[in-house]
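Here is how the chains run, residue by residue.
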Amino acid sequence: MESKVLKITLPDGNTLELAEGATTLTVAEQIGPGLARAAVAGRYTIDGQTETIDLNRPLPDDCSIEILTKSDDSADSLYVLRHSTAHVMAEAICKLYPAAQLVYGPPLEDGFYYDIDLDESLTPDAFERIEAEMKRIVKEDRPFSRYDMSRDEAMTKLAGEKNRYKVDNAERAEGDTLSFYITGERRGEDFEDLCRGPHIRSTGQIGAFKVRQLSAAYYRGDANEKSLQRVYGTAFYKKKALKEHLHRLEEAKKRDHRVIGRQLDLFHIDEAVGQGLVLWMPAGSIVRKELQDFISDELRKQGYQEVFTPHIGKLDLYRTSGHVPYYEDSQFPHLLVVRDHARPLVKYLRECRDGNTLPDADRERELVRQANILEAEYPWEEKNSVRRYAIARELSMEGTEQCSCAQIAHHYASGGGQGFLLKPMNCPHHIKIFASRPHSYRDLPVRLAEFGTVYRWEQSGELNGMTRVRGFTQDDAHLFCTPEQVPEELANCLHLVRLIFTTLGITEYRVRVGLRDRDSDKFMGDEAKWDMAEQACRDAAKVLGVPFSEEVGEGAFYGPKIDFIVKDCLGREWQLGTVQVDPTLPERFGLNYVGSDNQEHRPVMIHRAPFGSMERFVGILIEHFAGAIPLWLSPVQVAVLTISEKSVEFGRKVHRVLADAGIRVELDDSDERIGPKKHDARAKKVPYLLVIGEREAAEGTVNVNNAEGKMLGSVALEEFVRTCLDEIETKSMRKLESPDACSGSGDSV
RNA sequence: GCCGACGUAGCUCAACGGUAGAGCACAGCUUUCGUAAAGCUGAGGUUGUGGGUUCAAAUCCCACCGUCGGCUCCA
């Protein structure tokens with residue numbers, strides 16, 4: 001076989017011709033010794049397909065190539081480094097804890113983790129020892145070496161090692177051969193791991209690393225599987241980069257909406273009220289109200305009608321919608337109401353309990369009959385009158401203190417009994433508004449909007465400030481339309497979401513089209529209609545013209561959806577705006593309208609919430625602006641700060657003029673110095689601070705300072721009012737930069 | 001719900017077996033001041049709750065409640 005010559009295209013467009021078997025390292029050496037030293041891995045592209053590859057593995061064919069180096073902090077380069085560091089950490093842990101079984105250790109966007117199965121609980125105290133061990137491995141500068149094995153051979157080898165996780169991993173891996181990476185060169189002696197690679201050249205290339213965090217993680221993300229210990233770490237090529245990274249994390253914490261929410265008195269969550277139940281403080285309420293008014297104005301323009309509905313609904317309503325029993329885990333306990341008929345029974349049993357006697361059987365039987373409780377439901381077998389009283393109370397639905405009673409749970413789960421549910425969603429109520437009147441196709445679309453508060457029993461460990469709560473208000477609306485109207489309505493909904501994001505300067509978001517998982521029982525409804533709805537979502541997302549990803553299993557239980565997802569200060573993703581196509585609930589509720597053919601037709605429903613929820617949106621917004629929210633949203637828009645008693649009178653006048661103009665203004669005429677007054681106003685992130693001294697009083701001007709404390713200069717009071725109102729009116733994100741700009745139009749400031 | 005860490009004054013933290021202390025905030029007084037924290041004085045806590053160990057518990061142990069970081073979940 002004659003040896004082939006490979007044509008390698010470099011990033012600068014030059015090409016190299018190398019003998020077959022050439023590696024990325026060969027290429028790097030050709031270019032220069034410095035590059036060869038700094039190189040960590042290669043990245044080649046053939047036919048538009050890009051792969052990262054070990055430095056010392058032969059390039060498969062003609063390709064264009066990019067050399068990843070230690071001085072390059074690109075995601076690709078760091079990815080290889082972190083994956084390699086995960087191997088080093090795994091080795092360290094195995095050495096310190098020989099009983100540890102390795103499971104899976106991928107790189108992450110900002111680090112890596114390794115899942116391990118170990119009975120002994122790891123604690124952060126172990127980090128130092130793990131790091132010390134890792135340091136040793138790094139110092140030894142062991143090369144990462146790869147070897148391949150046929151699948152059969154590898155499976156035999158792994159089976160012999162008695163690590164079921166690696167066997168599982170291997171079974172799920174693709175290809176006829178499996179690869180292993182040795183941290184070192186001595187096969188059978190040095191640490192090795194089943195791994196696709198690629199890796200950096202040697203452990204010495206790991207410049208800086210840190211073991212950071214511990215958590216439990218279920219094997220393969222399955223809560224029924226074994227709980228593993230996940231150890232997180234991160235790595236960089238340079239110590240400085242690690243330091244900066246850790247510093248950034250510290251800085252990001254200062255933007256945390258929970259921290260700023262307290263500083264600015266925006267909201268409060270009180271243990272005595274309940275987990276995940278947000279109390280909006282006066283300042284936070286202003287932000288929320290402004291946002292609601294903003295969207296209400298838009299909705300009016302777009303032909304929505306606002307409605308109000310109660311916070312609870314009958315269980316039967318949610319049995320129809322499918323919420324009961326399918327989503328019971330996420331619901332607050334049902335509200336059980338007093339059955340008047342049962343009161344005499346409860347009273348009698350209470351007397352027995354208080355008198356510490358057993359009830360008379362005949363009398364009890366008679367009262368049970370009167371109570372209209374099925375004999376079969378009644379706990380005759382309970383011999384204890386206290387217990388019997390408690391159960392009778394439950395059966396009579398008088399209170400719910402004892403609601404753990406399995407009989408009750410079973411009773412309700414099996415469809416019996418009338419009670420109420422705190423609404424987990426607004427749709428059933430809106431559906432009933434729609435269904436309360438006959439509709440002609442001429443009426444459609446009907447668009448019903450409500451700031452509807454819903455309650456969901458989120459797992460305690462999931463709660464998070466404002467972003468994950470148990471009671472929240474959706475800026476909800478449901479559109480009932482003909483199938484033909486769906487594309488246009490969807491497009492309008494998406495544009496509304498985008499308008500809101502644009503207005504608030506949220507540019508970093510991703511769009512996800514959530515589809516059903518055909519293998520899951522989480523989704524209900526007709527297959528064909530789902531297909532149509534999913535296609536409608538794809539089409540609408542395309543029309544919107546932003547990149548989006550399609551994700552299976554992310555749909556709502558009744559239909560597919562398009563979500564707008566934003567990251568918080570710690571990089572966690574939160575779904576904000578959502579638009580959902582629902583072919584299912586109209587069916588379940590038997591909704592219809594009369595078409596032009598005088599026949600009844602089934603409408604399609606669109607659920608949409610551009611903010612998602614007021615709580616989550618405001619939480620994210622606080623972090624987005626680090627508390628320095630735009631003027632139109634600011635709880636306090638202007639602070640008037642007097643310099644001394646001599647300027648208090650004019651300060652009061654300024655305050656009054658601004659207040660009369662509808663501007664949210666606060667006056668600080670306390671006998672403090674101007675420095676501290678400014679400091680206080682800045683701490684509250686007030687957008688404009690007006691310093692009022694004798695000079696201003698004499699001239700009728702105000703001395704304008706921005707939220708950063710920078711003095712912008714003085715301007716006539718009337719002019720400041722005008723500019724302020726303009727900035728508020730236009731919901732401008734831009735601030736005054738100099739007082740001269742005050743006289744200009746809103747756009748120029 | 002799971003794993004780990006943590007709960008001390010309104011906030012941020014100290015004290016880590018010998019019955020709690022600071023800064024900020026708050027109140028009073030002094031000061032009337034020109035742009036990033038004035039001074040003095042005062043008030044404020046049965047150390048999340050309940051048990052236990054101990055002569056003695058904020059401190060050690062257990063349970064519960066809550067918070068935080070992950071996991072899982074998220075209509």
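Remember, it's a predicted structure, so these values are computed and weren't measured experimentally.

Cut-offs used in this document
Residues numbered from 1 in each chain as written. Chains lettered and ligands numbered in written order. Predicted model: local features only at pLDDT ≥ 70, side-chain atom pairs only at ≥ 80, totals over all residues. Heavy atoms only, no water. Salt bridge = Lys/Arg side-chain N within 4 Å of Asp/Glu carboxyl O. Helix = DSSP H or I, 4+ residues; strand = E, 2+ residues; numbered from the N terminus. Buried < 20%, exposed > 50% of the residue type's maximum accessible area, 1.4 Å probe, protein only. Near = heavy atom within 4 Å. Polar contact = N/O pair within 3.5 Å; in protein donor to acceptor, adjacent residues only side chain to side chain. Nonpolar A, V, L, I, M, F, W, Y, C, P; charged D, E, K, R; others polar. Core = buried A, V, L, I, M, F, W, Y, C linked by side-chain atoms within 4.5 Å. Contact = heavy atoms within 4.5 Å. Phe/Tyr/Trp six-rings, centres within 6.5 Å; stacked < 30°, edge-to-face > 60°. Pairing = 2+ DSSP bridges. Axes fitted to C-alpha atoms, helices over the stretch in contact; angles between N-to-C directions. Left-handed = near helix turned anticlockwise from the far one by under 90°. Parallel < 35°, antiparallel > 145°, perpendicular 65-115°, else oblique. pLDDT = per-residue confidence, 0-100.

Visitor: Hey, could you run me through the pattern of salt bridges in this one?
Guide: A pair can form between side chains of opposite charge whenever their charged atoms are brought close. Scanning all chains against the criterion turns up 50 salt bridges. For the salt bridge of D265 with K684, the shortest nitrogen-to-oxygen distance reads 3.2 Å. Here D265 is found in the loop between α8 (257-263) and β14 (267-269), whereas its partner K684 is found in the loop between α22 (674-683) and β31 (688-692), with 419 residues between them in sequence. Taking relative accessible area as the criterion, D265 reaches 36% and is therefore assigned partly exposed.

Visitor: Sorry, what's going on with the protein's contact with RNA strand B here?
Guide: Residues in close proximity to RNA strand B total 61 residues, the closest being S330, M425, E462, R673 and R682. The protein-proximal atoms of RNA strand B, defined as those within 4 Å of the protein, are 49% sugar or phosphate. The separation between a phosphate oxygen of RNA strand B and a polar side-chain atom of K522 is 3.0 Å. Within the side chain of N705, an N or O atom sits 3.0 Å from a base oxygen of RNA strand B. Secondary-structure elements contributing two or more residues to the surface near RNA strand B are β12 (208-218), β13 (227-236), α8, α22, α23 (694-699) and β32 (701-706). A per-class count over the surface near RNA strand B returns 20 nonpolar, 21 polar and 20 charged.

Visitor: Looking at this model, I keep getting lost on the nonpolar core. Mind explaining?
Guide: Side chains of nonpolar character tend, in soluble globular proteins, to be buried together. Counting 83 residues, the largest nonpolar core has L291, L504, F617, L658, L690 and F720 as its most contacted members. By residue number, the principal contributor to this core is helix α17 (residues 486-503), which donates eight residues. Sequence-distant contacts of L690, that is, excluding residues within four places in its chain, are made with V638, A639, V640, L641, V654, L658, V702, N703, V704 and F720. Core analysis: the second largest hydrophobic core is formed by 39 residues, A126, I130, I137 and F209 among them.

Visitor: I keep staring at the packing of aromatic side chains and nothing clicks. Help me out?
Guide: For any pair of aromatic rings, the description rests on two quantities: the centre-to-centre distance and the angle between the ring planes. Scanning all chains against the criterion turns up 15 aromatic pairs. With centroids separated by 6.2 Å and ring planes inclined at 90°, the aromatic side chains of F332 and Y455 adopt a geometry described as edge-to-face. Taken together, the residues F332 in the loop between α11 (323-326) and β18 (335-336) and Y455 in strand β20 (residues 446-455) connect sequence positions 123 residues apart. For the residue pair F332 and Y455, the accessibility class agrees, reading buried in each case. Measuring from ring centre to ring centre gives 5.5 Å for F501 and F564, while their planes differ by 65°; the resulting arrangement is edge-to-face. Note that F501 is positioned in helix α17 and F564 in strand β24 (residues 561-567), a separation of 63 residues in sequence. The pair F501 / F564 is uniform in exposure class, with both members buried.

Visitor: I tried to follow the sheet that holds strand β3 (residues 39-46) on my own but got confused; where do I start?
Guide: Neighbouring strands of a sheet are bound in pairs by backbone hydrogen bonds; such pairs are parallel or else antiparallel. The mixed open sheet is built from five strands, whose spatial order is β2-β1-β5-β3-β4. Edge positions in the open sheet fall to β2 (15-19) and β4 (49-54), since each of these has one partner strand only. Neighbour-to-neighbour, the strand axes of the sheet open up by a mean angle of 35°, direction not taken into account. Against the sheet, helix α1 (residues 24-31) touches β1 (5-9), β2, β3, β4 and β5 (63-69), its axis set at about 80° to β5. Sitting on the sheet, helix α3 (residues 75-96) is in contact with β3, β4 and β5, with an inclination near 65° to β5.

Visitor: Got a minute to help me understand the packing of helix α9 (residues 282-301) against α17 in this structure?
Guide: Geometrically, a packed helix pair is captured by the angle between its two axes and the distance between the axes. Taken N-terminus to C-terminus, the directions of α9 and α17 make an angle of 145°; their axes are 12 Å apart at the nearest point. Taken as a pair, α9 and α17 cross one another with a handedness that is right-handed. Together, F294, I295, E298 and L299 of α9 and L496, L499, I500 and T503 of α17 make up the contact between the two elements. Of the residues in the contact of α9 with α17, the class split is six nonpolar, one polar and one charged.

Visitor: It is not clear to me how the side chain of N706 should be interpreted in this structure. Could you clarify?
Guide: Relative to the elements of secondary structure, N706 occurs in strand β32. Judged by relative accessible area, N706 falls into the buried class, the value being 10%. Side-chain polar atoms of N706 contact the backbone nitrogen of K710, separated by 2.9 Å. In contact with N706, not counting residues within four places along its chain, are P687, Y688, L689 and L712.

Visitor: Which parts of the structure should I look at to understand the packing of α9 against helix α20 (residues 614-625)?
Guide: As a packed pair, α9 and α20 sit with axes 11 Å apart at the nearest point and diverge in direction by 110°. When the interaxial angle is binned, α9 and α20 end up roughly perpendicular. The element α9 and its partner α20 pack so that their crossing is right-handed. Between α9 and α20, the contacting residues are V287, R288, L291 and Q292 on the first element and M614, E615, F617, V618 and L621 on the second. A breakdown of the residues in the contact of α9 with α20 according to their chemical character gives six nonpolar, one polar and two charged.

Visitor: Which parts of the structure should I look at to understand the sheet that holds strand β28 (residues 604-609)?
Guide: Read across the sheet, eight strands follow the order β16-β20-β21-β28-β25-β24-β22-β23 without closing on themselves; strand pairing throughout is mixed. The two strands at the open ends of the sheet, each matched to only one other strand, are β16 (305-306) and β23 (548-552). Pairing of strand β22 (residues 510-515) with β23, which is carried by five bridges, proceeds in the parallel orientation. Following the sheet pairing, L515 is matched in β23 by V552. Sheet strands in contact with α20 are β20, β21 (471-481), β24 and β25 (573-582), and its direction is about 140° off that of β25.

Visitor: Honestly, the pairing of β32 in this entry has me stumped. Any pointers?
Guide: Regular strands place their side chains on alternate faces of the sheet. Burial runs high along β32: six of the six residues are buried. Burial along β32 is two-sided: the residues T701, N703 and N705 and V702, V704 and N706 are all buried. Here four bridges tie β31 to β32, and the two strands are oriented antiparallel to one another. Residue pairing across strands places L690 opposite V704, the latter belonging to β32. Two strands pair when backbone bridges link them, and β32 and strand β33 (residues 711-716) are joined in this way by five bridges, in the antiparallel orientation. Bridge assignment links N703 to a residue of β33, and that residue is S714. The antiparallel hairpin formed by β32 and β33 contains four residues in its connecting segment, where G709 sits at a positive phi of about 95°.

Visitor: So what exactly am I meant to see when it comes to unusual backbone geometry here?
Guide: Backbone phi values are negative for most residues with the exception of glycine, while trans is the configuration of most peptide bonds. Backbone torsion omega between G197 and P198 reads -5°, so that peptide bond is classified as cis. Tracing the sequence through the fold places P198 in the loop between β11 (192-194) and β12. Cis geometry marks the peptide bond from L444 to P445, where omega comes out at -5°. Here the phi dihedral of D141 falls at roughly 50°; this positive angle occurs in a residue that is not glycine. Locating D141 in the fold gives a position in the loop between α4 (126-139) and β9 (144-150). Its relative accessible area of 40% is what places D141 among the partly exposed residues. A positive phi angle, close to 50°, is found at A626, a residue other than glycine. Within the element layout of this structure, A626 appears in the loop between α20 and β29 (638-642).

Visitor: So what exactly am I meant to see when it comes to the confidence of the model for chain A here?
Guide: The predicted structure's coordinates, where accompanied by low pLDDT, should not be read in detail. Here chain A averages 87 in pLDDT, while 91% of its residues score no lower than 70. In the model of chain A, helix α15 (residues 406-413) stands out as the element of lowest mean pLDDT, 49, in contrast to strand β26 (residues 593-594), which has the highest, 97. Note on residues 397-407: pLDDT is under 50 here. Beyond four places in sequence and across chains, it has 24 contacts. Scored below 50 in pLDDT, residues 742-749 makes 13 contacts in the model with residues more than four places away or belonging to other chains. For this predicted complex, the interface confidence comes out at an ipTM of 0.95, alongside a pTM of 0.88.

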